[in-house]
Amino acid sequence: MRHVIALDVGGTGMKAALVGADGALLHEARRATGRERGPDAVVETILGFAAELQAYGRDRFGEGAVAAGVAVPGIIDAELGIAVYAANLGWRDVPLRTLIGERLGGIPVALGHDVRAGGLAEGRIGAGKGADRFLFVPLGTGIAGAIGIAGGIEAGAHGYAGEIGHVVVRPDGPDCGCGQRGCLETLASASAVSRAWAAASGDPGADAADCAKAVESGDPAALRVWADAVDALAAGLVTALTLLDPRTLIIGGGLAEAGETLFTPLRAAVEERVTFQKLPHIVPAALGDTAGCLGAGLLAWDLLSTEVSA
């Protein structure tokens, strides 16, 4: 059974899998990232996890993985295989592709960005399957984006393409960590909704999921908080679809778990704002928190295909 190793490294946890040529998950595993132990320890945990997966594949399928794919947060140089910078992991210029390749006996290794890897999976085998142009927008702690074009993900000239969370939608809005004011993610991320609802409800422990439940029960304060977030999100998405003209717009992340409580008003708000633009299909992500791991597996298979064709 030919398979690849797939790793999705997050600030809190790592998701891993052995992935078949058709994108099927043959084995899944999870492990704490352990970032409190420092950046070097995180790298060693990744290498050890990858080696365990390789050994499991040999025992289970009679042969080791033919390649590996790793998705990480932050800034990466995919061509050189370097994790350039990741604030939540404390990384600077980690030659991750080389380190993993050496630990796994020299098999090919692909390094990818976590959100773009998730977008790749959603586009090929998830909610965007069959769409030649799509935009994947996960609404979590922040807001990111992955631009899908003809089966691949557009990274941009410097690897920064898709950063829709830092499109300014309210110039007089809250300060953003990027240095601007009124960025989309300060107003419409799950974190932003949590902050707004905690303030409006007077409960410091309240979060976006609590806000969604209150919206469903008709709470007026929750409805105002939710409407503000949806309005800001629609503004950012219409800017994106004006520039990119996607056929499908895939919304994921924690906020999308609210289902139609989010999607019904969001579709209406986007439709109200468009003039000449064509409305894309606005759909929820299909792969949940396995998207990044599946995407890492697809990157590994793509790497093998490239090497064969070369």
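Here goes a summary of the coordinates provided. Every chain begins its residue count from 1, and numbering advances along the sequence as written. Under the rules for a predicted model, residues below a pLDDT of 70 receive no local features and side-chain atom pairs below 80 are neither given nor counted, while totals for whole chains, interfaces and linings still include all residues. Each side-chain value is derived from all of the structure's non-hydrogen atoms; neither hydrogens nor water enter the calculation.

Let's shift gears to the overall build of the chain. Of the regular secondary structure elements, the chain holds 9 helices and 13 strands. Computed over C-alpha atoms, the radius of gyration of the chain comes to 20 Å, within 12% of the 19 Å expected from 2.2 N^0.38 for 310 residues, which places it in the range of a compact globule. Along the first, second and third principal axes, the C-alpha set of the chain runs to 60 × 45 × 35 Å. Here's how the labels work: a residue is buried when its accessible area is under 20% of the maximum for its type, exposed when over 50%, partly exposed in between, all with a 1.4 Å probe on protein chains only. Counting across all 310 residues of the chain, residues that qualify as buried make up 50%. Whether two residues touch is decided by their heavy atoms; if any such pair falls within 4.5 Å, the residues are in contact. Partitioning the contacts of the chain with sequence separation of at least 6, the portion at a separation of at least 24 is 61%. Here the chain has roughly 14000 Å² of accessible surface; of this, 52% comes from carbon and sulfur atoms. A run of DSSP states H or I qualifies as a helix once it reaches four residues; a run of E qualifies as a strand once it reaches two. Both are numbered from the N-terminal end. Note that the radius of gyration is over C-alpha atoms, with the globule rule given as 2.2 Å times the number of residues to the power 0.38. With residues, only the protein chains shown are counted as cover, and all accessible areas are computed by Shrake-Rupley using a 1.4 Å probe.

With that settled, consider the sheet that holds strand β7 (residues 91-94). By this definition, two strands are paired if DSSP reports at least two bridges between them. Sheet architecture is open: 3 strands sit in the order β5-β6-β7, paired in antiparallel fashion. A strand with exactly one partner marks an edge of an open sheet, and here the two such strands are β5 (75-77) and β7. On average, each strand axis in the sheet is tilted by 15° relative to the strand beside it, whichever way the strands run. Note that β5 and strand β6 (residues 82-86) share 3 bridges and pair antiparallel. Within β6, the residue paired with I76 across the bridge is A83. Lines are fitted to the C-alpha atoms to define the axes, a helix being fitted only along its stretch in contact, and any angle between axes, read from their N-to-C directions, falls within 0 to 180 degrees.

The next point concerns helix α5 (residues 190-201). Here α5 is 12 residues long and its end C-alpha atoms lie 16 Å apart, about the 16 Å a rise of 1.5 Å per residue gives. By the burial criterion, the buried members of α5 are A190, A192, V193, S194, W197 and A198. The positive-phi residue at the C-terminal boundary of α5 is G202, with phi of around 80°. For a helix, the expected span equals 1.5 Å multiplied by the number of residues minus one.

Glancing now at unusual backbone geometry. Most peptide bonds take the trans configuration, and most residues that are not glycine carry a negative phi. The phi angle at D93 is positive, at roughly 55°, despite the residue not being glycine. When its relative accessible area of 54% is taken as the criterion, D93 is described as exposed. Of note in this structure, A150 is not a glycine but carries a positive phi near 50°. Tracing the sequence through the fold places A150 in the loop between β10 (146-149) and β11 (152-154). By relative accessible area, A150 is classed as exposed at 64%.

Before going further, it helps to spend a moment on the packing of helix α6 (residues 208-216) against helix α7 (residues 220-244). Across the interface, α6 lies against α7 with an axial gap of 8 Å and an inter-helix angle of 120°. Remark: the crossing between α6 and α7 carries left-handed chirality. Judged by residue contacts, A208, C211, A212, A214 and V215 of α6 engage A222, L223, V225 and W226 from α7. Within the contact of α6 with α7, the residues separate by chemical class into 9 nonpolar, no polar and no charged. What makes a crossing left-handed is the near helix being turned counterclockwise from the far one by less than a right angle; a clockwise turn instead makes it right-handed. For this classification, Asp, Glu, Lys and Arg are treated as charged, while Ala, Val, Leu, Ile, Met, Phe, Trp, Tyr, Cys and Pro are nonpolar and the rest, including Gly, are polar.

This part takes up the nonpolar core. Take the buried Ala, Val, Leu, Ile, Met, Phe, Trp, Tyr and Cys residues and link them wherever side-chain atoms come within 4.5 Å; each set so joined is a nonpolar core. Among the nonpolar cores identified, the biggest contains 45 residues, and V137, W226, L237, I251, L262, L266 and V270 are the most heavily contacted of them. Those elements that provide at least two residues to this core are β9 (133-138), α5, α6, α7, β12 (248-252) and α8 (260-273). No other element matches α7, which puts 14 residues into this core. Judged by nonpolar contacts, the second largest core, of 30 residues, contains V9, M14, V72 and L104.

Turning to the layout of surface pockets, a few remarks are in order. Definitions used for this entry: grid spacing 1 Å over protein atoms alone; cavity, a set of points where a 1.4 Å probe fits but cannot get out; pocket, an open set with protein on both sides within 12 Å along at least 5 of 7 lines; lining residue, one with an atom within 4 Å of a point. Grid points are joined across faces, edges and corners, and a volume is the space filled by probe spheres set on the points. Of the volumes computed, that of the second largest pocket is approximately 520 Å³. Lining the second largest pocket are 26 residues, and of these I76, A78, L111, G112 and L299 lie nearest its centre. Breaking the lining of the second largest pocket down by element, the ones donating at least two residues are β5, β8 (109-113), α3 (114-125), β11 and α9 (291-309). A breakdown of the residues in the lining of the second largest pocket according to their chemical character gives 13 nonpolar, 7 polar and 6 charged.

It is worth spelling out the sheet that holds strand β13 (residues 281-284) at this point. Across the sheet, 5 strands lie side by side as β11-β10-β9-β12-β13; this open sheet has mixed pairing. Where the open sheet ends on each side, the last strands, each with one partner, are β11 and β13. This sheet shows a mean twist of 30° between the axes of neighbouring strands, independent of strand direction. Here β10 runs beside β11; their pairing, made up of 3 bridges, is antiparallel. Of the residues in β11, the one forming a bridge with G148 is I153. Here α7 sits on the sheet in contact with β9, β10 and β12, set at roughly 155° to β9. Sheet strands touched by α8: β12 and β13. Its angle to β13, the strand with the most contacts, is close to 160°.

Bringing the environment of R97 into the picture now. Along the polypeptide, R97 turns up in helix α2 (residues 96-103). As a C-alpha pair, R97 and L80 span 17 residues in sequence and 8.0 Å in three-dimensional space. Once residues within four sequence positions are removed from consideration, R97 is found in contact with A78, E79, L80, G81 and V109. In this structure the side chain of R97 is engaged in a polar contact, spanning 3.1 Å, whose partner is the backbone oxygen of E79. For this analysis, a polar contact is any N or O atom pair within 3.5 Å, provided that within protein one partner can donate a hydrogen and the other can accept it, and provided that sequence-adjacent residues contribute only side-chain to side-chain pairs.

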